[in-house]
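Reading the structure
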Amino acid sequence: MSRLASQAKMGHYPTPPEVVEQIRELLSFLSGSRCLDTCCGNGDALSLLTNQAPVETYGIELDKDRAREAKRKLKKVLNCDALYETRITNNAFDLLFLNPPYDWETKKNETDSLKTEMIFLQYHLRYLNSKGVLVYIIPFKSLKYTYRYFLKFKNLRVLAFPKEQYMQFKQVVVIGKATAFAGKERLDTNRIMLKNIIQYVDPETAYESLWTTESILHAGEYRPLYEVETNDVELKTFTSTRIDPEDTLPLIENSQVYVEFERQLKVKKVEDIRPLSILRNGHLAMLLASGMINGVLENDKYKFIVKGNIKSFMQQDELEEEDENIQRQLFTKKYQVQVRALDLNALRFIDIN
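Rules used throughout
- Residues numbered from 1 in each chain as written.
- Predicted model: local features only at pLDDT ≥ 70, side-chain atom pairs only at ≥ 80, totals over all residues.
- Heavy atoms only, no water.
- 1 Å grid on protein atoms, 1.4 Å probe; cavity = no way out; pocket = protein on both sides within 12 Å on 5 of 7 lines; lining within 4 Å.
- Points joined across faces, edges and corners; volume = space filled by probe spheres on them.
- Helix = DSSP H or I, 4+ residues; strand = E, 2+ residues; numbered from the N terminus.
- Nonpolar A, V, L, I, M, F, W, Y, C, P; charged D, E, K, R; others polar.
- Patch = residues over 30% accessible without salt bridge, like charges linked within 9 Å, V, L, I, M, F, W, Y side chains within 5 Å.
- Areas by Shrake-Rupley, 256 points an atom, 1.4 Å probe, with all protein chains shown as cover.
- Salt bridge = Lys/Arg side-chain N within 4 Å of Asp/Glu carboxyl O.
- Pairing = 2+ DSSP bridges.
- Axes fitted to C-alpha atoms, helices over the stretch in contact; angles between N-to-C directions.
- Buried < 20%, exposed > 50% of the residue type's maximum accessible area, 1.4 Å probe, protein only.
- Phe/Tyr/Trp six-rings, centres within 6.5 Å; stacked < 30°, edge-to-face > 60°.
- Lys NZ or Arg CZ within 6 Å of the ring centre and 35° of its normal.
- Core = buried A, V, L, I, M, F, W, Y, C linked by side-chain atoms within 4.5 Å.
- Contact = heavy atoms within 4.5 Å.
- Polar contact = N/O pair within 3.5 Å; in protein donor to acceptor, adjacent residues only side chain to side chain.

A separate point is empty space enclosed by the protein. Scanning the model with the defined rule gives two cavities of 30 Å³ or more in all. For the largest cavity, the calculated volume is near 50 Å³. Broken down by element, the residue count for the lining of the largest cavity peaks at three residues, all from helix α3 (residues 64-70). Class assignment for the residues of the lining of the largest cavity results in one nonpolar, one polar and five charged.

Okay, structure coming up:
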């Protein structure tokens, strides 16, 4: 299978923890740097990636239950669609961790998948600072459609998952450091490297031809280290266009409208309840019969003291003869509504059955 299909839910494909730990070894964090995972799931990947680092972690997750869990692990999490329901300051993040929730098998055809992968990457790169680090996890075959977006990155590498994980997921990690400007030499170098990988590396055994996230850790002095720096961009906006009741409640619970709403819900006596609209005759009849409006009822012409109740009793039906020596009695449970009123004007009782 490609990617972790057995764990897929709403397009959720979690990055294996061992791969995240290996990527973590390639990074160093400066205090106060901001890290964003736009498909954070339950928050495990970004939490593990930044373990004990003095950073601020942000996430976006579509699934409500996973988002709720992620909120316990990351500084702030939005429960919404990462493409269409976010309002986020551009260039404000120092690390962008992307593991898109898309797969070739979830689309009608390869063209749809290609379009989704490219839109996702192009849209989210805007959040990365000009000195930020990109960690992008994609199926190997998606590399040929997205490689143009990586040409400006410094210290660019394509790392395969280790053999065991690669055989399951066929995924690679694109990692590099953004720069405000890239000269022709870097563009040409990155283009040649990526095209050679796309053209000559076997997608089925890429872990044999490429550095893996594991083997790169044993490269000695050649081991790359990506420093996640802080930036001067103020994170003015990190919100969703979707209304989250859990986030909204603290903002309104002290308002006068909410206080009155709470008061109306906490009625101590049934007699204090006021219906939202005029009751129909059928509603009144049920309330009378149940005894819910026992007491004084009056208008300009009448004044009654009313008491209503419902009595149950067993009614005996006709005998059934099963044979000459055995008879069976049948009983049916019946209910009788009784409403009794005292007419205070006429001083007489009125029975309503």
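On the surface, Leu249, Leu251 and Ile252 cluster together into a nonpolar patch covering about 290 Å² of accessible area. Turning to its location among the elements, Ile252 is positioned in helix α9 (residues 245-252).

The next thing to look at is the sheet that holds strand β4 (residues 76-79). Strand order in the open sheet formed by seven strands is β4-β3-β2-β6-β7-β9-β8, and the pairing between neighbours is mixed. Taken across any chain shown, the strands that pair with only one partner, and hence form the sheet edges, are β4 and β8 (154-160). On average, each strand axis in the sheet is tilted by 15 degrees relative to the strand beside it, whichever way the strands run. Of the pairings in the sheet, the one linking strand β6 (residues 93-98) to strand β7 (residues 128-139) comprises five bridges and is parallel in character. Note on β7: the bridge partner recorded for Phe97 is Val135.

Notably, Lys170 is not glycine yet its phi reads approximately 55 degrees, a positive angle. Positionally, Lys170 belongs in the loop between α6 (163-169) and β9 (171-177). A relative accessible area of 18% places Lys170 in the buried class.

The subject of this paragraph is the packing of aromatic side chains. Scanning the model with the defined rule gives eight aromatic pairs in all. Centre to centre, the rings of Phe161 and Phe169 are 6.0 Å apart; their planes meet at 85 degrees, and the pair counts as edge-to-face. The burial state of Phe161 is the same as that of Phe169; both residues are buried. These aromatic residues form a ring-pair network of at least three members: Tyr58, Phe93 and Phe238. One cation-aromatic arrangement involves Arg126 over Tyr123; the distance from NZ or CZ to the ring centre is 4.0 Å.

Before going further, it helps to spend a moment on the pairing of strand β12 (residues 295-298). The sheet contact formed by β12 and strand β13 (residues 303-316) spans four bridges and is antiparallel. Note that in β13 the partner of Leu297 across the bridge is Phe304. As consecutive antiparallel partners, β12 and β13 are separated by four residues.

To continue, consider the nonpolar core. Counting 73 residues, the largest nonpolar core has Phe93, Leu134, Phe150, Leu210 and Phe238 as its most contacted members. Per element, the largest residue contribution to this core is seven residues, and it comes from β7. Setting aside chain neighbours within four positions, we find Phe150 in contact with Leu121, Leu134, Tyr136, Leu143, Leu156, Val174, Asn190 and Leu194.

Structurally, Asn129 can be placed in strand β7. A polar side-chain atom of Asn129 sits 3.1 Å from the main-chain carbonyl oxygen of Asn91. Beyond its immediate stretch of four places on either side in the chain, Asn129 contacts Asn91, Phe93, Asp94, Ala178, Asn231 and Val233.

Moving on to the pattern of salt bridges. Side chains that carry opposite charge are capable of pairing whenever their charged atoms lie near each other. What the rule picks out here adds up to 13 salt bridges. The partner of Arg34 in a salt bridge is Glu56, and the shortest N-O contact between them spans 4.0 Å. A residue pair is termed long-range when its members are at least 10 positions apart, and Arg34 in strand β2 (residues 34-37) and Glu56 in strand β3 (residues 56-61) qualify at 22 residues. Of the residues examined, Arg34 reaches a relative accessible area of 14% and is grouped as buried. A residue is classified by how much of its surface remains accessible, and Glu56, at 26% relative accessible area, is partly exposed. Note that Glu204 and Lys170 form a salt bridge whose closest N and O atoms lie 3.7 Å from each other.

Our focus in this paragraph is the environment of Lys163. Structurally, Lys163 is set in helix α6. Separated by 42 residues in the primary sequence, Lys163 and Thr205 have C-alpha atoms spaced 8.2 Å apart.

Where strands meet in a sheet, backbone hydrogen bonds hold them as pairs that are either parallel or antiparallel. Reading across from one edge, β12-β13-β16-β17 is the order of the four strands in this open sheet, with antiparallel pairing throughout. One side of each edge strand has no neighbouring strand; the edge strands of this open sheet are β12 and β17 (348-352). Each adjacent strand pair in this sheet contributes to an overall mean axis angle of 35 degrees, direction not counted. Here strand β16 (residues 331-343) pairs with β17 via five bridges, running antiparallel. Across the sheet, Asp343 pairs through a bridge with Arg348, a residue of β17.

Without other data, these values stay purely geometric and don't point to any function.
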